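One-letter residues, chain by chain:
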Amino acid sequence: MTQSSTSLLEILERSRAALATGALDEDVAQSAGVGAARYVAQERWAGIIVAAQGANEQGWSRREELSSELYEKLAASHGPPISEALAASFRELDTSQPVQPTTCTNCRIRPGFGPCPRCSGVGVLLVQSPTGNTSSVDDCPECEDGFATCTVCGGSTRTISATVRYVNRTPLAAQHLVLPNAVADLAGTLRGAFSAPGEIPAELAIELEADESATAYRGAQPGAMTDFRGYSLGDAARRALGFARRVRVAPNFLLRDLRTFAMPFITAAFSTSGSPVRIVMFVDTTLTPRFVRQ
Ligand SMILES: [Zn+2]
Ligand SMILES: [Zn+2]
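Residues numbered from 1 in each chain as written. Chains lettered and ligands numbered in written order. Predicted model: local features only at pLDDT ≥ 70, side-chain atom pairs only at ≥ 80, totals over all residues.

Secondary structure assignment for the protein chain yields 6 helices and 13 strands. For 294 residues, the compact-globule estimate of 2.2 N^0.38 gives 19 Å, and the protein chain exceeds it by more than 25% at 33 Å. Counting only C-alpha atoms and orienting by the principal axes, one finds that the protein chain spans roughly 100 × 60 × 35 Å. In the protein chain, the share of contacts with a sequence separation of at least 24, taken over all contacts with a separation of at least 6, comes to 73%. (Helix = DSSP H or I, 4+ residues; strand = E, 2+ residues; numbered from the N terminus. Rg over C-alpha atoms; globule rule 2.2 N^0.38 Å. Contact = placed C-beta atoms within 7 Å.)

Below is the structure:
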């Protein structure tokens, strides 16, 4: 998170004061392509950025026969916790499915022995001479007539039937800007202002879910926060909270970290010789005030 001695909110407040004195009238007139613009009024608003970091997990399962060693190994191993790895491929036992001792089906014909993995159960190997011109057929040294110690049960004829889940986990980050409904049309203008959660100044961090538990205790509506340091959130807190809840329960999504930030901005109206002009002013991550005509 950016730690700066200059506060984004302070810069925004200074720019707000400058607006009110008419100091930006000329800039607005130029950017709007009109002869003259005169400051009329302004409103303070704030949206909420919900930044979620986690991973998407896709998995598939199948019944397998496992040797007791492999079963014990899988039973003791789990995928890495989401806090340690956002990307991972692993297999694990699906403990919701039954586990049954069975007789190995791989070595039914000759108990304890199955098709030799080296020669595929043929019993002989084709041996190519070093020059590659001639070849000969040799007895496979790993087996007897194509039978070798069963690769599934290890020769014990006992296996464990269980469901194994194969999992592939890939990183997924989502950033969502929730604006008060009254200014929802500004989403396109404001969405790109902060490109990554790491660039958002710490002073803008907002405790939405803490607000929820505090207000619930007092019997108030969850997400009832309507203001961030004088900037109106409108209904953004309630809707951002709803979004955060949906992220927490999204299927196949493992959440590592969810943070919420306020994004304060100004809307200002100017009169011109033609139609009135509306601008949006915000401070970007380089702490530069920017204004955009709507
Ligand atoms: Zn063999
Ligand atoms: Zn076997």
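This part takes up helix H1 (residues 8-20). Helix length check: H1, at 13 residues, gives a terminal C-alpha distance of 19 Å against a target of 18 Å (1.5 Å per residue), a fit within 8%. Among the residues of H1, Leu8, Leu12 and Leu19 are the ones counted as buried. Viewed end-on, H1 has its buried residues packed into an arc of 35°, placing them on one side of the element. Along H1, the residues that are exposed and aim more than 90 degrees away from the buried face are Glu10, Arg14 and Ala17. Buried residues along H1 sit in contact with strand S1 (37-66), strand S11 (253-272) and strand S12 (277-283). (Expected span 1.5 Å × (residues − 1). Buried ≥ 20, exposed ≤ 12 C-beta atoms within 10 Å, placed from the backbone. Arc of directions from axis to C-beta.)

Moving on: the nonpolar core. Residues Ile48, Ile49, Ala240 and Met263 are the most contacted members of the largest nonpolar core, which totals 45 residues. Mapped onto this core, the elements with two or more residues apiece are H1, S1, strand S8 (158-178), helix H6 (236-248), S11 and S12. Looking at which element gives the most residues to this core, the answer is S1, with 8 residues. Every residue in contact with Ala240, bar those within four places of it in the chain, is listed here: Ile48, Val50, Val178, Leu208 and Thr260. Ranked by size, the runner-up nonpolar core spans 5 residues in total, among them Leu66, Tyr71, Leu93 and Ile160. (Core = buried A, V, L, I, M, F, W, Y, C linked by C-beta atoms within 7 Å.)

Next up on the list: the pairing of S11. In this structure, S1 lies alongside S11, joined through 19 bridges in antiparallel fashion. Its bridge partner lying in S11, Glu43 is registered against Thr267. (Pairing = 2+ DSSP bridges.)

Considered domain by domain, the protein chain is made up of domain 1 (8-54 + 171-293) and domain 2 (56-168). The C-alpha-based centres of domain 1 and domain 2 are spaced at 56 Å. With 7 residues of domain 1 at the interface, the matching set in domain 2 holds 7 residues. For the side of domain 1 that touches domain 2, the secondary-structure elements that each account for two or more residues are S8 and S11. (Domains from an automatic or database assignment.)

For H6, spanning 13 residues, the distance from its first C-alpha to its last is 18 Å, which sits close to the expected 18 Å at 1.5 Å a residue. Those residues of H6 that sit buried are Ala236, Ala237, Ala240, Leu241 and Ala244. For H6, the arc enclosing every buried residue in end-on projection is 130°, short of the 170-degree limit, so these residues lie on one face.

Its location among the elements puts Cys143 in the loop between strand S6 (135-139) and strand S7 (147-149). The exposure class assigned to Cys143 is buried, which follows from the 21 C-beta atoms found within 10 Å. Sequence-wise, Cys143 and Val34 are 109 residues apart; in three dimensions their C-alpha atoms are separated by 91 Å. In this structure, Cys143 is in contact with Cys116, Arg118, Cys119, Gly123 and Ala148, ignoring residues within four places of it in sequence.

The subject of this paragraph is the environment of Ala55. Mapped onto the fold, Ala55 is located in strand S1. Look at Ala55 and you get buried, because 20 C-beta atoms sit within 10 Å. For the pair formed by Ala55 and Phe253, sequence separation is 198 residues and the distance between their alpha carbons is 5.8 Å. Excluding anything up to four places from it in sequence, Ala55 contacts Ile82, Leu86, Arg169, Thr170, Pro171, Leu172 and Leu254.

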